[in-house]
Amino acid sequence: MTSDESWIARAKHRGPRTLADGSAFMLAVNVAAFAAFAIALPDFRSPANLATVLVSSLPLLLLATGQTFVLVSAGIDLSSPALVGLVSVCGGLVMSADVGWLANHPAAVPVGLLAMLATGTAAGAANGFCVARLQMPPFMVTLTTAMFAGGLAVWLVHAVAQTETLFNLPEVFLALGRHGWVDGPLAVGAAFVAHVILARSLVGRWLHALGYNARAAYLSGVPTSRVIVCAYALSGLFAALAAVLLTARLETASPSHGRPLLLDVIGAAVIGGTSLAGGRGSVLWTAWGVLFLAMLGNGLTLLNLSDFVITIIKGLVILTAALLDQWRRHWRTTSASVADTVIA
Amino acid sequence: MTRDPSPIVLRLLNLTPVLLLGVVLLLFGLQSNRFLSGEHLSGLLAQAAPLLVVATGMTFVLLTGGVDLSVGAVMFVGAALAGRLALDGHSLAFCAAVMLGVGLAGGLVNALLVTRLRLVAFVATLATLYIGRGLGRWISETRALNLPDDFNALASTTWLHVPVPVWIAGTITVAAQAVLSGTPFGRRLYAVGADREAARKAGFDTGRLLAAVYVICGGCAGLGGVLALAQLGAVSPRFGELYEFDAITAAVLGGTSLFGGRGRVLPGTVVGAVLLKTIFSGLVMAHANPYAYALITSAIIFVAVLLDSLRHRVLRGLARRVIRLEPAGQRDA
Amino acid sequence: MSTDLPRSPSPAAPSAPDARGPAVPAVSWESVSRSFSGVPVLRRVTLQAYAGRVLALVGENGAGKSTLMNILGGHVPAESGALRLGGLPYAPRTPHDARAAGIAFVHQELNLFANLTVAENLHLHDFPRRAGLPWIDRAAMRARAAALLGQVGLHLAPDTPLDRLSTGERQLVEIARALGTAARVLILDEPTTSLSTRERERLFTLLATLRDRGLALVYISHDLEDVLRLADDVAVLRDGEVVAHGRAADFTGHRLVSLMIGRQVTQLYPARRDPPERASADRPDELGVPRLEVRGVSEPGIVRDITFTLHRGELLGLFGLMGAGRSELARILFGVYSAASGAIRMDGRPLAGGPRARVRRGMAFVTDDRRHDGLCLDASVTDNIMLATLAACCRTPARLVHAERVRATVRRIREAVRLSRAAEERQAVRTLSGGNQQKVVLARWLLAKPQVLILDEPTRGVDVGARAEIYRLVRDLADSGAGILVISSEIEELIGLCDRILVMRQGELSGELARDAFDRARLLAAALPATAAAATGAHS
């Protein structure tokens with residue numbers, strides 16, 4: 001074949017593919033949503049409101065980032081929102097001035113933070129162990145973990161403090177959640193590192209391969225079990241980071257932190273274009289999905305739409321995203337097979 | 001082949017749900033004499049009735065390798081609508097019919113999304129879950145609706161000493177199992193769940209079959225909603241929340257595989273649902289620390305799922321043994 | 001060698017059978033074409049099958065036999081051309097349409113459901129019902145199932161779960177299922193690969209009865225002796241074209257082989273180096289340490305007492321019928337399945353651990369099913385090529401992938417395997433042709449510089465051009481000192497490529513042929529089930 005033909009072939013299947021590759025598309029969607037709200041709603045474009053949109057979306061960003069690792073591995077983590085509650089309680093049990101183990105101790109904050117991150121990571125790694133080594137279905141494993149973690153958090157907080165929530169956390173810790181100056185860069189930085197890990201690192205590429213076809217990856221010498229455990233542990237770690245943020249911001253440690261976020265976490269990943277079937281996904285796409293959901297929620301609230309209408313619209317958005325994804329993929333395979341026809 | 005204990009292990013693993021229920025009943029029975037009394041057991045079944053019905057529908061979907069996350073939301077929409085209608089003075093029967101209708105309609109929407117638009121069941125039903133919860137709150141205007149007493153009466157009425165909800169749930173589960181094991185539709189469900197591509201090659205309409213499954217699941221959710229509503233007597237904004245997870249758990253506890261192709265309603269899912277309710281009721285009766293319920297329940301579920309994955313692995317190991325190592329000439333004898 | 005034969009099919013086509021009435025064929029393909037991912041698989045095929053006759057279809061893998069039948073069976077539409085059924089136009093869109101039109105299909109890969117009973121598998125498309133009720137009439141179903149099973153000589157309770165059956169028994173169930181439909185045309189694609197001789201004889205008697213009842217039979221097989229015994233008419237396909245079509249009596253086994261392989265046979269396989277002295281076992285010191293030593297490997301129900309040696313630079317073939325345990329043995333060697341007993345040594349040291357450990361020791365494995373466990377179909381060409389060796393392209397501390405190094409590596413290896421130039425590195429491998437997909441798999445393993453390479457059906461679904469490339473790559477790798485085990489069910493491929501051939505039968509090694517003793521008949525004899533071999537011996 002001549003180079004002319006191959007050029008045509010490439011042009012033919014590159015056209016739709018730039019659109020199909022998540023980032024550009026999601027950027028366009030976000031810009032469009034921003035423009036629409038900004039034009040329609042003066043309140044929306046006020047700097048204070050925009051800051052609120054960004055800051056309030058941080059916990060969701062962290063949770064959805066962790067979830068992306070697991071989704072790319074063709075699993076699902078239903079437990080991360082429940083882990084937020086457990087981790088929050090753990091932190092409170094170490095740091096709270098009322099009942100804390102290290103109440104008013106200078107080491108309370110570092111130890112507390114460590115305990116929180118360790119709890120989240122360990123719980124995530126336990127999920128990963130069950131999925132990878134015991135070969136249990138991720139859906140049931142993480143559902144059970146969610147139940148257990150939620151129950152454990154409530155039990156702990158009642159056993160120690162006889163209340164639902166723990167107050168009087170150290171001032172240094174609370175400063176983490178003030179005004180978004182600390183937690184903002186922290187969360188965005190963590191998400192950025194996650195993006196690099198998933199997109200550019202060895203483990204990240206292995207995760208993609210494993211998500212596309214676990215058997216092929218295993219037979220090619222990819223340490224599949226370790227990589228899966230790693231994905232779930234990262235999801236747990238990011239749940240812990242979200243817990244730090246929420247606990248500091250709300251100035252209380254409570255088992256109910258994070259619980260309402262489950263559907264939004266999966267929704268944000270799906271809207272971003274991460275596939276539930278595994279393999280395809282990116283933290284960047286997920287971040288776009290989170291931003292979109294945050295703008296949508298904020299804008300619709302400012303439009304005085306009630307909470308239930310917003311829920312319905314979110315559902316429709318997920319549906320639309322899934323449909324678009326379906327069409328994009330259809331496009332891509334048909335256009336690529338045009339290229340292949342030229343090959344022959 | 002002496003080192004091959006698989007068939008016995010497999011048989012035991014297949015019996016896990018029943019054995020687990022037996023153990024739990026025995027343990028709680030030792031704790032309290034009242035636990036195994038007929039009255040308490042029939043109360044237990046009545047409590048389990050809504051879950052039994054919803055989980056039965058879920059079993060159909062799981063058998064095909066799909067999932068329906070929207071059942072709780074569908075229950076909520078139906079209940080909210082029925083609540084409004086009941087407060088406007090409509091009869092119980094009419095309200096129940098509306099709930100059933102809402103369930104079937106919700107199932108139809110899921111069916112269209114999954115079969116016509118070819119969406120992954122998980123995403124499609126996640127979206128309808130959102131939409132359903134929004135609709136339900138809109139209809140109920142985000143407040144609790146207290147229903148007239150005849151709803152409650154439905155739950156407490158007995159016939160032949162057995163509560164009416166138990167009769168309803170019993171009928172549904174028996175009928176469901178009869179459909180699964182006795183009709184072409186039921187048997188083909190198993191085929192589709194085991195291997196969708198081979199099922200298509202076998203030459204029956206897999207699309208219509210899948211659609212029917214989601215409609216059945218929606219219908220069961222509607223009916224389960226009626227029973228749950230009768231039990232509670234009120235529609236709160238959180239009615240039916242996370243019910244999908246309970247239903248999936250019940251089915252999986254009963255031995256239904258999340259990968260499709262394996263599972264039964266009777267005894268399977270029924271045992272699973274009753275087991276869930278037994279644990280709860282037993283803990284209440286034993287005056288256990290209420291905050292420990294979730295811990296104990298999840299631990300038991302974990303064990304059941306672990307045993308199921310073990311069974312799965314044993315089965316896979318057996319499937320690998322494909323070679324007939326028969327003594328030469330046996331076939332010619 | 002086949003130049004004397006017309007390339008166009010019609011002149012050699014048989015006229016209607018003299019004694020059997022009108023000349024309307026039961027099925028006719030009229031100038032049917034089809035391509036997959038741009039690779040033509042069928043080129044204007046014209047062919048007829050008549051009622052009351054057996055048409056045998058022979059050809060190498062990838063010659064288009066299965067596609068031709070899949071078009072008839074409604075699994076794949078034709079791109080151009082037409083089908084006629086009993087003289088009437090016929091265009092099935094689904095398998096269901098084909099079944100309704102009276103076409104029954106016994107697939108090579110079994111379309112049965114392990115979670116159902118034998119009787120249910122036989123009746124999935126038309127369960128007998130109680131009059132007017134939706135319920136299955138179990139008694140009627142059992143009776144019908146028993147009758148069908150009896151026809152194929154399988155004496156099983158109809159309620160036996162299918163997962164209790166061996167592969168051979170399942171194959172008979174698949175045949176019984178096709179018999180259960182009121183078919184006018186019966187297609188059998190390699191129906192005997194797992195059958196014992198007794199079962200095979202019974203099947204042939206049955207097929208003869210069906211033919212005499214007026215069915216049109218299409219029989220696809222690699223076993224040319226079977227073909228010549230059973231068929232009334234024979235059609236030979238090569239590269240998607242009918243190269244010969246005529247009465248079975250006009251063909252001999254030898255002629256069929258040369259027709260199937262055609263002119264390319266000499267160009268297809270790379271030249272061998274001097275005959276390897278190493279094959280002689282009485283001078284072990286000259287061989288050096290063998291690449292792979294397998295001693296007494298057994299696993300109940302899978303393989304029994306496998307012992308062989310793979311030398312440096314040797315291309316060792318492993319022949320056997322489907323279900324003989326060849327792929328399972330490969331998986332044991334690669335650490336995917338465990339073995340109950342026996343020892344495997346590589347380069348003199350024992351092998352242990354799973355695939356990861358073996359890859360690190362320099363072992364590589366190209367599976368027989370590249371779509372399911374060879375490739376990540378939706379991932380890019382680059383990702384697939386780099387799957388086994390990505391760690392080598394990482395900056396060490398953070399283990400970040402060095403994009404430029406990856407690009408250079410991929411560019412180099414794709415030149416080496418001659419991957420199609422139009423295949424972009426970002427493109428999903430799903431969209432490549434079978435040959436290019438297999439080259440991607442090979443490229444992945446060549447990058448790992450393997451010392452031992454196991455190839456399981458390396459050219460299944462690969463076009464002739466890519467085949468030659470693959471053979472060349474494999475030969476080059478062997479010449480560089482690697483030991484290569486090639487598993488194949490194509491005798492010609494093994495004879496053309498290998499230095500030595502082992503034969504497996506029912507989980508055991510049943511024969512070994514050195515290169516100067518390569519012989520089609522002996523390979524087949526060693527591969528047929530033990531009872532079969534005994535029976536054949538008694539006959540002759």
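Residues numbered from 1 in each chain as written. Chains lettered and ligands numbered in written order. Predicted model: local features only at pLDDT ≥ 70, side-chain atom pairs only at ≥ 80, totals over all residues.

1. Regarding the overall build of chain B
Inference 1: The secondary structure content of chain B amounts to 14 helices and 4 strands.
Inference 2: Here the C-alpha atoms of chain B give a radius of gyration of 21 Å, agreeing with the 20 Å that 2.2 N^0.38 yields for 333 residues.
Inference 3: Counting only C-alpha atoms, chain B reaches 80 × 55 × 35 Å along its principal axes.
Inference 4: Here chain B, with 333 residues, has 53% of them falling under the buried criterion.
Inference 5: Long-range pairs, those at least 24 residues apart, make up 79% of the contacts in chain B with a sequence separation of at least 6. (Helix = DSSP H or I, 4+ residues; strand = E, 2+ residues; numbered from the N terminus. Rg over C-alpha atoms; globule rule 2.2 N^0.38 Å. Buried ≥ 20, exposed ≤ 12 C-beta atoms within 10 Å, placed from the backbone. Contact = placed C-beta atoms within 7 Å.)

2. Re the overall build of chain A
Inference 1: When you go through chain A residue by residue, the secondary structure sums to 15 helices and 0 strands.
Inference 2: Out of the 344 residues in chain A, the part that is buried amounts to 56%.
Inference 3: Sequence separation of 24 or more characterises 78% of the internal contacts of chain A that already satisfy a separation of 6 or more.

3. Brief notes about the confidence of the model for chain A
All names here are of chain A.
Inference 1: Averaged over all residues, the pLDDT of chain A equals 86, while 89% of them reach at least 70.
Inference 2: Considering only residues more than four positions removed or in separate chains, one finds that residues 1–20, a stretch of pLDDT under 50, has 30 contacts.
Inference 3: Scored below 50 in pLDDT, residues 334–344 makes 36 contacts in the model with residues more than four places away or belonging to other chains. (pLDDT = per-residue confidence, 0-100.)

4. Considering helix H4 (residues 71–87) of chain B
Residue and element names in this part refer to chain B.
Inference 1: Compared with the 24 Å implied by 1.5 Å per residue over 17 residues, the 24 Å span of H4 between its first and last C-alpha is a close match.
Inference 2: The element H4 is extensively covered by neighbouring structure, given that 14 of its 17 residues are classed as buried.
Inference 3: Once H4 finishes, Gly89 follows within two positions and takes phi at roughly 95°, a positive value. (Expected span 1.5 Å × (residues − 1).)

5. Comments concerning the sheet that holds strand S12 (residues 303–310) of chain C
Residues and elements named next belong to chain C.
Inference 1: Read from one edge of the open sheet, 4 strands run S12-S11-S14-S15, paired in antiparallel fashion. Here the strands that pair on one side only, and so sit at the sheet edges, are S12 and strand S15 (349–350).
Inference 2: Inspection of the sheet shows strand S14 (residues 341–346) paired to S15 by 2 bridges, in the antiparallel sense. Across the sheet, Met346 pairs through a bridge with Arg349, a residue of S15. (Pairing = 2+ DSSP bridges.)

6. Comments concerning the nonpolar core
Inference 1: The biggest cluster of nonpolar side chains holds 383 residues, and the ones touching the most others in it are Leu62 and Ile318 of chain A together with Ile484 and Val486 of chain C.
Inference 2: In terms of residue count, the dominant contributor to this core is helix H12 (residues 224–250) of chain A (19 residues). (Core = buried A, V, L, I, M, F, W, Y, C linked by C-beta atoms within 7 Å.)

7. Details of the packing of helix H3 (residues 38–63) of chain B against helix H13 (residues 265–285) of chain B
Residues and elements named next belong to chain B.
Inference 1: Relative to each other, H3 and H13 sit at 140°, their axes nearing to 9 Å. Between H3 and H13, the interaxial angle falls into the category oblique. Helix-helix and strand crossings are classified by hand; for H3 and H13 the assignment is right-handed. Contacts from Leu44, Gln47, Ala48, Leu51, Leu52, Ala55, Thr56 and Thr59 in H3 reach Val265, Thr269, Val270, Gly272, Ala273, Val274, Leu276, Lys277, Thr278 and Ser281 in H13.
Inference 2: Tallied by class, residues from the contact of H3 with H13 come to 10 nonpolar, 7 polar and 1 charged. (Axes fitted to C-alpha atoms, helices over the stretch in contact; angles between N-to-C directions. Parallel < 35°, antiparallel > 145°, perpendicular 65-115°, else oblique. Left-handed = near helix turned anticlockwise from the far one by under 90°. Nonpolar A, V, L, I, M, F, W, Y, C, P; charged D, E, K, R; others polar.)

8. Topic: the confidence of the model for chain B
The predicted coordinates should not be examined in detail at positions where pLDDT is low.
Inference 1: With 93% of its residues at a pLDDT of at least 70, chain B reaches an overall mean of 86.
Inference 2: Helix H5 (residues 92–116) of chain B holds the highest mean pLDDT among the elements of chain B, 95, whereas helix H1 (residues 6–14) of chain B holds the lowest, 74.

9. Here's the deal with H12 of chain A
All names here are of chain A.
Inference 1: Helix length check: H12, at 27 residues, gives a terminal C-alpha distance of 39 Å against a target of 39 Å (1.5 Å per residue), a fit within 8%.
Inference 2: Burial of H12 is extensive: 24 of the 27 residues sit out of reach of the surface.
Inference 3: Note on H12: the residue one or two positions beyond its end, Glu251, has a positive phi of about 60°.

10. Observations concerning the environment of Leu113 of chain A
Residue and element names in this part refer to chain A.
Inference 1: Considering the arrangement of structural elements, one finds Leu113 in helix H6 (residues 108–132).
Inference 2: The exposure class assigned to Leu113 is partly exposed, which follows from the 18 C-beta atoms found within 10 Å.
Inference 3: The sequence separation of Leu113 and Leu241 amounts to 128 residues, and the corresponding C-alpha distance is 9.2 Å.

11. Quick word on the sheet that holds strand S9 (residues 233–238) of chain C
Residues and elements named next belong to chain C.
Inference 1: With mixed pairing, the 6 strands of this open sheet are ordered in space as S6-S7-S8-S3-S9-S10. Among the strands making up the open sheet, the edge pair consists of strand S6 (103–106) and strand S10 (241–247). On average, adjacent strands in this sheet sit at an angle of 15° to one another, irrespective of strand direction.
Inference 2: By the bridge criterion, 4 bridges tie strand S3 (residues 54–58) to strand S8 (residues 216–220) in an arrangement that is parallel.

12. Description of the interface of chain B and chain A
Inference 1: Counting residues at the interface gives 34 residues for chain B, matched by 34 residues for chain A.
Inference 2: The set of elements that each furnish at least two residues to the side of chain B that touches chain A consists of helix H6 (121–140), helix H12 (243–253) and helix H14 (293–320) of chain B.
Inference 3: Per-element accounting of the side of chain B that touches chain A gives the leading share, 13 residues, to H6 of chain B.
Inference 4: Taken together, the residues of the side of chain B that touches chain A sort by class into 24 nonpolar, 6 polar and 4 charged.

13. What to know about the packing of H4 of chain B against H6 of chain B
Each pair of packed helices gets described by two things: the angle between the helix axes and the distance between those axes.
Residue and element names in this part refer to chain B.
Inference 1: In the contact formed by H4 and H6, the axes pass within 8 Å of each other and the chain directions differ by 15°. By the criterion of interaxial angle, the relationship of H4 to H6 is roughly parallel. Remark: the crossing between H4 and H6 carries left-handed chirality. Listed contacts from H6 to Ala73, Val74, Phe76, Val77, Ala80, Leu81, Gly83 and Arg84 of H4 are Thr128, Leu129, Gly132, Arg133, Leu135, Gly136, Ile139 and Ser140.

14. Describing the pairing of strand S13 (residues 315–319) of chain C
Residues and elements named next belong to chain C.
Inference 1: Burial analysis of S13 places 5 of its 5 residues in the buried class, which makes it a mostly covered element.
Inference 2: Going residue by residue along S13, you find Leu315, Gly317 and Phe319 tucked away on one face and Leu316 and Leu318 tucked away on the opposite face as well.
Inference 3: The pairing of S13 with strand S20 (residues 483–488) spans 5 bridges and is parallel. Of the residues in S20, the one forming a bridge with Leu318 is Ile487.
Inference 4: Note: S13 against strand S21 (residues 500–505), 4 bridges, orientation parallel. Across the sheet, Gly317 pairs through a bridge with Ile501, a residue of S21.

15. Things to note about unusual backbone geometry
Inference 1: Cis geometry marks the peptide bond from Leu266 of chain B to Pro267 of chain B; its omega dihedral reads -5°.
Inference 2: Considering the arrangement of structural elements, one finds Pro267 of chain B in helix H13.
Inference 3: Unlike most non-glycine residues, Arg418 of chain C shows phi in positive territory, near 55°.
Inference 4: Secondary-structure assignment places Arg418 of chain C in the loop between helix H15 (403–416) and helix H16 (434–447).
Inference 5: You will see that Lys449 of chain C, though not glycine, has its phi angle at about 45°, which is positive.
Inference 6: Inspection of the secondary structure puts Lys449 of chain C in the loop between H16 and strand S19 (452–456).
Inference 7: Lys449 of chain C gets classed as exposed once you count the C-beta atoms within 10 Å, which come to 12.

16. Re the pairing of S20 of chain C
Inference 1: In terms of burial, S20 of chain C is a largely internal element, 6 of the 6 residues being buried.
Inference 2: Residues Gly483, Leu485 and Ile487 of chain C line one face of S20 of chain C and the alternating positions Ile484, Val486 and Ser488 of chain C line the opposite face, and both faces are buried.

17. As for the environment of Leu232 of chain B
Inference 1: With respect to the helices and strands, the residue Leu232 of chain B is situated in helix H11 (residues 206–232).
Inference 2: A C-alpha to C-alpha distance of 32 Å links Leu232 of chain B and Leu113 of chain B, two positions 119 residues apart in sequence.

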